[in-house]
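Observations on the model geometry
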Amino acid sequence: MEFPGGGTGAGGGAVLSGNNVPAFLTKLWTLVEDPDTDPLICWSPSGTSFHVFDQGRFSKEVLPKFFKHNNMASFIRQLNMYGFRKVVHIEHGGLVKPERDDTEFQHPFFIRGQEHLLENIKRKVTNVSSVRQEDMKMSADEVSKILTDVQLMKGKQEAIDSRIIAMKHENEALWREVASLRQKHFQQQKVVSKLIQFLVSLVQSNRILGVKRKIPLMLNDSSSAHSLPKYSRPFSLEHVQVAKFAKTVSSPKLLATTVAYC
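Predicted model, so just to flag it, every value in this text is computed and none were measured. (Residues numbered from 1 in each chain as written. Predicted model: local features only at pLDDT ≥ 70, side-chain atom pairs only at ≥ 80, totals over all residues. Heavy atoms only, no water.)

One open sheet accounts for four strands, arranged β1-β2-β6-β3; its pairing is antiparallel. Looking at the sheet topology across the chains shown, the edges are occupied by β1 (41-43) and β3 (85-86). Note: β3 against strand β6 (residues 102-106), two bridges, orientation antiparallel. Along β6, the bridge assignment pairs R85 with Q106. Helix α2 (residues 55-66) rests against β1, β2 (49-53) and β6 of the sheet, and its axis sits at about 90 degrees to β2. (Pairing = 2+ DSSP bridges. Helix = DSSP H or I, 4+ residues; strand = E, 2+ residues; numbered from the N terminus. Contact = heavy atoms within 4.5 Å. Axes fitted to C-alpha atoms, helices over the stretch in contact; angles between N-to-C directions.)

Quick look at the structure:
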């Protein structure tokens, strides 16, 4: 049997031609029309659907002759991509269990004797998103509001960045000041240590001088010791110099003179 614009295909089936009909649909039509494949694939009595019997034999014996594979799952997936659906028969409220492996498929434009309708069968286009274009459209006011919010956020971010930079500079200045104070404190400790050493040496030298002066006085004028008042105490040169030093030790001029001396 021949069909318009086609020749005899594998197994004696007709091969349709037409630029608008995908190759898969052409081969499927040939499979269903070919009487030699009726034991495994054929039209339903109404001609509005087709049956596939014994999927194991069909995938091994028929598919490789028309397609580059023998995968039944791939064949069914292609049917679904072109809009074919399985037909489920319901009788008396329950599913009718077929006596043999029988799967029925149908499509509104896949009808026996109406091969010209194959041009209306289109492959489904897979979209990245199922959101409609109307939902993606935004009004000018919404776009303007978003841009305003973005500019506001950008200004706040720049202000925060400026504040962080200023705090960083302040922190660096504080660390420099701390380092300077530590250095001054170290120098002052050195000055105080030298002052203490100077004071100790001064007291020791005055004490030695005072002892040397007291001994001759006590030897030469022994009677003068008896003429002193009962509760009086000798006041040596050491006491005078220590008192004078204690009185003027807080003077800046004395500090500068002592540092220069040390």
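So, next bit.
Counting 27 residues, the largest nonpolar core has L28, F50, F58, F75, F84 and F110 as the members making the most contacts within it. Secondary-structure elements contributing two or more residues to this core are α1 (23-33), β1, β2, α2 and α3 (72-81). No other element matches α1, which puts six residues into this core. Once you skip the residues sitting within four places of it in the chain, F110 turns out to touch L28, W29, V32, W43, G47, T48, F50, F84, L118 and I121. (Core = buried A, V, L, I, M, F, W, Y, C linked by side-chain atoms within 4.5 Å. Buried < 20%, exposed > 50% of the residue type's maximum accessible area, 1.4 Å probe, protein only.)

With nine of 11 residues buried, α1 is to be regarded as a mostly interior element. Of the positions making up α1, those classed as buried are F24, L25, T26, L28, W29, T30, L31, V32 and E33. The elements touched by buried residues of α1 are β1, β2, α2 and α3.

This next bit is on the pairing of β2. Taking burial as the measure, the five residues of β2 include five buried ones, the bulk of the element. The alternating pattern of β2 places S49, H51 and F53 and F50 and V52 on opposite faces, both of which are buried. Between β1 and β2, which pair antiparallel one after the other, the connecting turn spans five residues, and G47 there sits at a positive phi close to 80 degrees. Pairing between β2 and β6: five bridges, direction antiparallel. Residue pairing for β6: H51 is matched across the bridge by E104.

Per the UniProt record, "domain: HSF-type DNA-binding" (unreviewed entry) is found at residues 63-87. For residues 63-87, the helix share is 56%, the strand share is 8%, and the end-to-end C-alpha distance is 21 Å. (UniProt positions renumbered as here; feature names shortened; annotations may be inferred.)

Our focus in this paragraph is the pattern of salt bridges. Under the defined criterion, the tally for this structure stands at two salt bridges. In this structure, the salt-bridge partner of R57 is E61, at a minimum N-O distance of 3.2 Å. With R57 and E61 both in helix α2 and four residues apart, this pair spans about one turn of that helix. By relative accessible area, which is 39% here, R57 ends up partly exposed. The residue K145 makes a salt bridge to D149 at a minimum N-O spacing of 3.3 Å. Taken together, the positions of K145 and D149, both in helix α5 (residues 140-220) and four residues apart, correspond to about one turn of that helix. When its relative accessible area of 33% is taken as the criterion, D149 is described as partly exposed. (Salt bridge = Lys/Arg side-chain N within 4 Å of Asp/Glu carboxyl O.)

This paragraph deals with α3. Among the residues making up α3, those that are buried are M72, S74, F75, I76 and L79. The secondary structure elements touched by the buried residues of α3 are α1, β2, α2 and β6. Two to three positions downstream of the cap, the backbone nitrogen of A73 sits 2.9 Å from a side-chain oxygen, assigning the N-cap of α3 to N71. Looking one or two residues past α3, G83 carries a phi angle of roughly 90 degrees, positive in sign. (Polar contact = N/O pair within 3.5 Å; in protein donor to acceptor, adjacent residues only side chain to side chain.)

Here we come to the packing of aromatic side chains. Under the defined criterion, the tally for this structure stands at 12 aromatic pairs. Measuring from centroid to centroid gives 5.4 Å for F24 and Y82, while their planes differ by 10 degrees, and the two rings are stacked. With F24 in helix α1 and Y82 in the loop between α3 and β3, this residue pair connects regions lying 58 residues apart in the sequence. One aromatic cluster in this structure is built from W29, W43, F50, F84, F105 and F110. (Phe/Tyr/Trp six-rings, centres within 6.5 Å; stacked < 30°, edge-to-face > 60°.)

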